[in-house]
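What follows is each chain in one-letter form.
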Amino acid sequence: MFDCGKIAIIGGGSWATAIAKIVVGHTHHIGWYMRRDDRIEDFKRLGHNPAYLVGVRFDTNEISFSSDINNIVDKYDTLVFVTPSPYLKNHLKKLKTRIKDKYVITAIKGIVPDENLVCSEYFHQVYDVPYSNLACLGGPSHAEEVALERLSYLTVACSDQEKAQAFADVLTSDFIKTKTSNDVIGIEYSSVLKNVYAIAAGICSGLKFGDNFQSVLMSNAVQEMSRFLQAVYPVERNVCDSAYLGDLLVTGYSNFSRNRTFGTMIGKGYSVKSAQIEMEMIAEGFFGTKCMKEINSHMHVNMPILDAVYNILYERISPQIEIKLLTDSFR
């Protein structure tokens with residue numbers, strides 16, 4: 001039976017904090033890489049993350065913090081990457097320790113910019129991590145609800161099902177239910193697309209479209225997602241499973257969703273830059289939209305919602321005009 005060994009969290013945001021809460025509750029020890037020493041010192045002093053999910057208390061005696069990624073990678077067996085996708089390459093540039101023999105789990109719901117690769121493909125191609133040592137963590141799950149110990153469902157995907165189950169066992173608790181999958185690539189791409197569709201939902205909300213239209217938008221979004229997943233990675237999957245449709249729905253409808261919030265601001269007339277400044281948090285879907293548009297330029301899948309969001313965010317086409325064109329294509 002595979003053993004995850006010593007587990008480390010790479011990243012200091014809200015989702016990283018929520019995952020750390022789950023893991024340390026099971027293992028009673030984790031390594032934790034955070035980029036800033038001042039944040040680490042404040043965390044030790046306060047007993048909680050000073051910047052994210054401040055209500056989640058930790059016993060810091062159960063955590064080995066470090067701002068040196070090589071120190072963490074060297075000492076731990078399972079590495080859970082939870083950094084925003086635009087910053088992943090910068091963190092890894094500092095890496096001198098080999099990770100090909102580590103169990104690498106990506107909980108990053110984005111694409112590596114410039115490379116246009118989902119994270120598992122990036123770790124495989126650039127760092128030679130075999131696919132059998134690569135897993136991803138799928139939703140639906142908002143960090144805020146996990147922190148509140150509200151019942152959540154997570155999917156661990158890995159080509160090696162024994163390894164997927166081992167990490168799923170670590171996550172399972174009274175408020176976390178888990179399942180496993182072998183569709184790593186499909187779940188990663190769906191995690192990117194659902195952020196794009198959540199921006200679309202937010203834009204429509206900002207434009208005062210109601211619940212009736214939102215349901216039509218989401219039903220078209222899951223069809224669009226399914227078309228793309230079948231084109232990019234054609235395996236047997238049920239897009240109605242929680243890791244696909246469930247994650248899409250929670251991100252498209254929830255008030256906790258950064259991407260929906262970002263889209264709502266755009267729909268209300270904010271510029272992209274002003275919305276980003278006011279949010280003070282990363283909306284992964286903004287970067288994911290551009291990456292997915294570039295990827296689909298080679299795939300040629302019919303993706304009108306992706307195209308509409310791209311045109312609004314990057315071509316500066318009026319949301320009113322673009323969404324009107326989109327509504328005419330729906331049935």
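The structure under discussion appears in the preceding block.
Figured I'd write up the structure that's included with this text. (Residues numbered from 1 in each chain as written. Predicted model: local features only at pLDDT ≥ 70, side-chain atom pairs only at ≥ 80, totals over all residues. Heavy atoms only, no water.)

With respect to empty space enclosed by the protein
Take a probe with the size of a water molecule and roll it over the atoms, and the empty space left behind shows itself.
Thought 1: Tallied over the full model, the rule gives 1 cavity of 30 Å³ or more.
Thought 2: Size it by volume and the largest cavity reaches roughly 40 Å³.
Thought 3: Taken together, Thr106, Ile108, Lys109, Cys136, Leu137, Ile187, Glu188 and Ser191 form the lining of the largest cavity.
Thought 4: At the level of elements, β8 (134–138) and α8 (184–206) are the ones that each hand at least two residues to the lining of the largest cavity.
Thought 5: Broken down by element, the residue count for the lining of the largest cavity peaks at 3 residues, all from α8. (1 Å grid on protein atoms, 1.4 Å probe; cavity = no way out; pocket = protein on both sides within 12 Å on 5 of 7 lines; lining within 4 Å. Points joined across faces, edges and corners; volume = space filled by probe spheres on them. Helix = DSSP H or I, 4+ residues; strand = E, 2+ residues; numbered from the N terminus.)

Here's the deal with the sheet that holds strand β5 (residues 103–106)
Pairing between the strands of a sheet comes from backbone hydrogen bonds, and it takes one of two forms, parallel or antiparallel.
Thought 1: Ordered in space as β3-β2-β1-β4-β5-β8-β9-β10, the 8 strands form an open sheet in which the pairing is mixed. Unpaired on one side and paired on the other, β3 (63–66) and β10 (176–181) mark the two borders of the sheet. Pairs of neighbouring strands in the sheet enclose a mean axial angle of 20 degrees, with direction left out of account.
Thought 2: Along the sheet, helix α2 (residues 37–46) contacts β2 (30–33) and β3; its crossing angle with β3, the most-contacted strand, is approximately 155 degrees. (Pairing = 2+ DSSP bridges. Axes fitted to C-alpha atoms, helices over the stretch in contact; angles between N-to-C directions. Contact = heavy atoms within 4.5 Å.)

Brief notes about the packing of helix α9 (residues 211–232) against helix α14 (residues 304–314)
Thought 1: Following both chains from N to C, one finds α9 and α14 inclined at 105 degrees, their axes separated by 8 Å at the closest point. As summarised for this structure, α9 and α14 are arranged roughly perpendicular, according to the angle between their axes. Residues Leu217, Asn220, Ala221, Glu224 and Arg227 of α9 pack against Pro304, Ile305 and Leu306 of α14.
Thought 2: Counted by class, the contact of α9 with α14 contains 5 nonpolar, 1 polar and 2 charged residues. (Parallel < 35°, antiparallel > 145°, perpendicular 65-115°, else oblique. Nonpolar A, V, L, I, M, F, W, Y, C, P; charged D, E, K, R; others polar.)

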